[in-house]
Structure formats: structure tokens, C-alpha cells
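Structural features, examined
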Amino acid sequence: LAFRVDDGGAQDGSDAKDDGDSGKDDDKHAQVFVMPMDGGDPVRITHVKQGVDEFSWSPDGSRIAFITADEAKNAKAIKAHDDAFQVGDNHFLVRAALTPDHLWVVASTGGEAKRLTEGDFSLQTDQQDSAPVPEWSRDGRSIAFTRFPNPYWGPSFQSVVDAVDADGGKPRELVDAQGAADLKFAPVGDAFAYLRPRGGDQNNGNAVYVGDGKGDARDVTAALARNIDGYAWLPQGRALLLAGADGTHSVFWEQPLDGPARKLDLGELLPDPDISVAHGGRIAFIASTPAHRGELYVLDSPDAKPRRLTDFNAFLDRLQLGRSETVEWDSADGFHEDGVLTYPPDYRKGRKYPLVLVIHGGPEGSSDLRFSSLSQLLAANGFLVF
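Right, let's walk through the structure included here. (Residues numbered from 1 in each chain as written. Predicted model: local features only at pLDDT ≥ 70, side-chain atom pairs only at ≥ 80, totals over all residues. Heavy atoms only, no water.)

The next point concerns the environment of alanine 287. With respect to the helices, strands and loops of the structure, alanine 287 is situated in strand S21 (residues 283–289). If sequence neighbours within four positions are ignored, alanine 287 has contacts with Leu269, Leu270, Pro271, Asp272, Arg293, Gly294, Glu295 and Tyr297. (Helix = DSSP H or I, 4+ residues; strand = E, 2+ residues; numbered from the N terminus. Contact = heavy atoms within 4.5 Å.)

What follows covers the pairing of strand S12 (residues 181–185). As paired strands, S12 and strand S13 (residues 192–197) are joined by three bridges and run antiparallel to one another. Following the sheet pairing, phenylalanine 185 is matched in S13 by phenylalanine 192. (Pairing = 2+ DSSP bridges.)

Moving on, we come to the environment of arginine 238. With respect to the helices and strands, the residue arginine 238 is situated in the loop between strand S16 (228–233) and strand S17 (239–246). Looking at arginine 238, the relative accessible area reads 59%, which means it is exposed. Measuring from C-alpha to C-alpha, the distance between arginine 238 and alanine 191 comes to 10.0 Å, with 47 residues separating the pair along the chain. Excluding residues that lie within four positions of it along the chain, arginine 238 makes contacts with Pro256 and Leu257. (Buried < 20%, exposed > 50% of the residue type's maximum accessible area, 1.4 Å probe, protein only.)

Spatial ordering of the open sheet is given by S4-S5-S6-S7, a layout of four strands whose pairing is antiparallel. Of all the strands in the sheet, the pair left with one neighbour each is strand S4 (52–57) and strand S7 (114–115). Strand direction decides the pairing type here: S4 and strand S5 (residues 63–69), joined by five bridges, are antiparallel. When the bridges of S5 are listed, valine 52 appears paired with threonine 68.

Moving on: the sheet that holds strand S1 (residues 2–5). Each strand in a sheet pairs with another by means of backbone hydrogen bonds, the pair being arranged parallel or else antiparallel. One open sheet holds the three strands; their spatial order is S1-S2-S3, and the pairing between them is antiparallel. Whereas interior strands pair on both sides, the edge strands pair on one side only; in this sheet they are S1 and strand S3 (43–44). Bridge count between strand S2 (residues 31–34) and S3: two bridges; the pairing is antiparallel. Counterpart to phenylalanine 33 in the pairing with S3 is arginine 44.

Residue position: glutamine 127 is located in the loop between S7 and strand S8 (135–136). A residue is classified by how much of its surface remains accessible, and glutamine 127, at 45% relative accessible area, is partly exposed. Spatially, the C-alpha atoms of glutamine 127 and isoleucine 359 are 20 Å apart, while their sequence positions differ by 232 residues.

Printed below as a string of C-alpha cells:
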């Protein structure tokens with residue numbers, strides 16, 4: 001098992017050294033550790049000053065690709081307070097110049113890491129929680145990654161997808177459509193899929209495009225007309241599992257490469273967009289209900305009923321919570337609208353209550369019925385929460 005942690009306690013003794021200049025600065029940032037699943041001490045396998053932003057295993061488990069920010073080229077000048085920087089694509093809260101993130105690879109047993117990309121472009125921007133995960137080809141010979149123009153969010157809509165040989169070499173463009181990200185190779189064949197704003201329009205929702213590796217790609221979700229938050233390939237590579245919002249519900253769809261999508265029956269569950277599909281076809285995901293926070297669930301197949309595997313939030317079942325429901329109406333401009341209303345736990349019909357309006361982001365954002373700590377906290381204090 002590999003994981004990131006802010007910890008200097010490696011078992012190989014490497015953290016004890018101090019070169020006088022860098023000292024233990026790399027201990028202040030997340031590094032990748034590996035440990036056996038049957039127990040044992042974790043071993044630190046990365047030693048990068050800026051920390052690891054994201055990583056992924058090679059198919060055979062022998063190597064780990066990781067993304068880390070470059071060190072500043074003028075680090076010594078910055079240390080001497082010569083830290084002026086140019087204002088450009090950065091936003092008004094930036095107080096120091098950012099360095100680009102790049103791709104490296106290291107043996108899963110540790111050792112010297114090999115740099116695979118360099119330049120002014122970046123594999124991460126300053127407005128993302130984490131870098132897009134590097135994607136290994138099925139044969140482990142190459143790694144695909146999202147390439148942003150620079151480390152700032154401003155021009156990030158110009159992202160494309162490149163690939164580079166895992167042993168080193170010049171990166172090559174895999175997807176030239178701007179806005180492309182989150183590429184995943186099909187489990188069989190030469191196809192791959194990626195997310196991109198539909199038609200390249202940043203004000204539109206995300207669609208899933210499927211390419212054949214020969215330059216042709218098409219939106220397989222065109223008929224669905226929904227924003228896709230996440231997706232995964234299903235076994236045999238003939239269909240995708242999609243996650244997104246449908247009104248005030250978050251749902252899964254099974255999307256064949258040819259033909260209409262089919263919504264899965266998850267009952268009252270509202271799944272998160274992160275999906276993990278096993279080689280045999282089982283689907284693992286986290287989901288909540290209006291009255292219960294996220295738990296881990298499994299679908300044995302897209303047609304199966306979800307099975308709950310965890311009970312970490314059982315304490316919620318002992319609380320008196322506010323009821324949440326969907327509210328629908330037609331707006332003045334002719335659109336059919338929807339929202340979510342949460343009532344105080346002791347709500348009595350006919351009585352007036354103060355209203356709190358919780359506004360979501362956009363343009364493709366929406367409110368859904370999943371458990372909301374904020375809404376329940378406000379409702380418990382006597383507010384209607386819309």
C-alpha cells in the first residue's frame with residue numbers, strides 16, 4: 001500500500017542526514033510511503049523538497065510515478081529577501097511566484113527518482129486540491145498526464161493531455177483538445193477516455209470523450225445532456241460508469257460506447273463522483289443519504305443492489321435531524337428549477353421560520369439531497385435552510 005504523509009520518520013535512516021543547506025525541509029511536505037498490506041513499518045520512498053502532490057502505481061507494481069513542484073531557480077535570492085515576482089496569470093492573493101509541477105518516477109522499493117518532464121508548463125495549478133493523477137498505460141511503458149500552460153489557474157482551460165515514456169524521453173501530445181483532463185485508458189484495446197467541457201465551452205458541463213489513439217475522439221455522453229463529475233471504465237471496455245447530478249440527486253449512469261445511457265437504481269443513496277472498479281467488475285464507491293454521512297458501498301454489477309460495508313457514522317442514527325426534500329418550481333424566464341429545503345428537527349406546519357439561503361457555485365454546480373453538516377447545524381438552531 002502506498003500513501004502520502006507529512007512525516008519524517010522513514011525507516012531507511014535517510015532523514016538523519018543534513019547537507020547544511022536543505023536540512024530537513026523535505027520533511028515538511030507530503031512524501032510517499034510504502035508498506036506491506038499484512039503489516040510492517042512504512043518505508044519512505046520519495047525525498048523531494050516541495051512534497052508530492054499526486055502519485056500512481058505502475059501496472060506491475062514495480063514503480064511509482066509522482067508529481068512534485070520544482071524548486072525555485074532563484075532560491076538563494078529568495079532566501080536573501082530578493083523575492084520580487086511578475087504579476088501575470090496569478091491571482092491577487094498570490095504572495096510569491098509559483099514553480100511548475102512535473103512528473104518523476106521512482107522504484108516502489110525506493111532509490112533515486114528519475115525526472116520525466118521539465119519546462120514552463122505544469123502538471124498542477126494553484127486552484128486545485130490535488131494534481132490530476134498520472135495515468136500509466138496498460139503495458140506500463142508510458143504515462144499520460146494533464147499539461148497546463150503554467151502553474152496558475154488563469155489559463156488552465158487550455159490544458160491538453162500528453163504522454164511520456166516511463167523510461168524517459170520527449171513527451172508527445174495525446175489529446176490536443178483544450179480543456180481535456182483526467183484521461184483513463186480502456187481495460188482492453190487502444191481506446192482511452194477523458195473529461196472535457198462539452199464542445200470546449202467552459203460555461204458548459206463536462207462531457208466524456210473517447211479517443212482511439214489515432215486522433216479521433218467523440219463525446220459518448222452527448223445524448224445525456226448532464227454534467228459529468230467523474231467516470232470509470234467498466235470491464236471489457238465496452239461501457240463507462242458515469243457519476244453526476246440529475247436534478248437534486250447525484251446518480252450513476254451506465255454509458256455504452258454506442259447507445260443511450262441507463263441510470264442505475266441506487267435507492268436513496270447519493271454517490272460521490274469517485275469510483276473504483278475491480279477487474280472482475282465490482283464497483284466500490286462512497287455514498288450518503290439525506291440523514292446519513294458517507295459510508296463505503298459495493299455494487300457486484302451495475303444491475304445489483306448496493307451493499308453497505310461500513311458503519312462509521314452510526315452515531316447519526318441516534319440524532320434528531322432535520323428532514324430534507326426537493327423543491328421544484330418554474331422560474332420567470334421559463335426554466336424548470338429545483339433546490340433542497342431542510343426543515344428544523346421540531347418543525348411544525350403553519351409556523352413561520354427564518355430562512356437561510358445556501359448558494360452553490362457554478363455554472364455547472366447544483367444543490368443535492370446528500371447529507372449536509374452545515375444545513376443540519378443551521379436547522380438544529382431553528383432555521384429553514386434552502
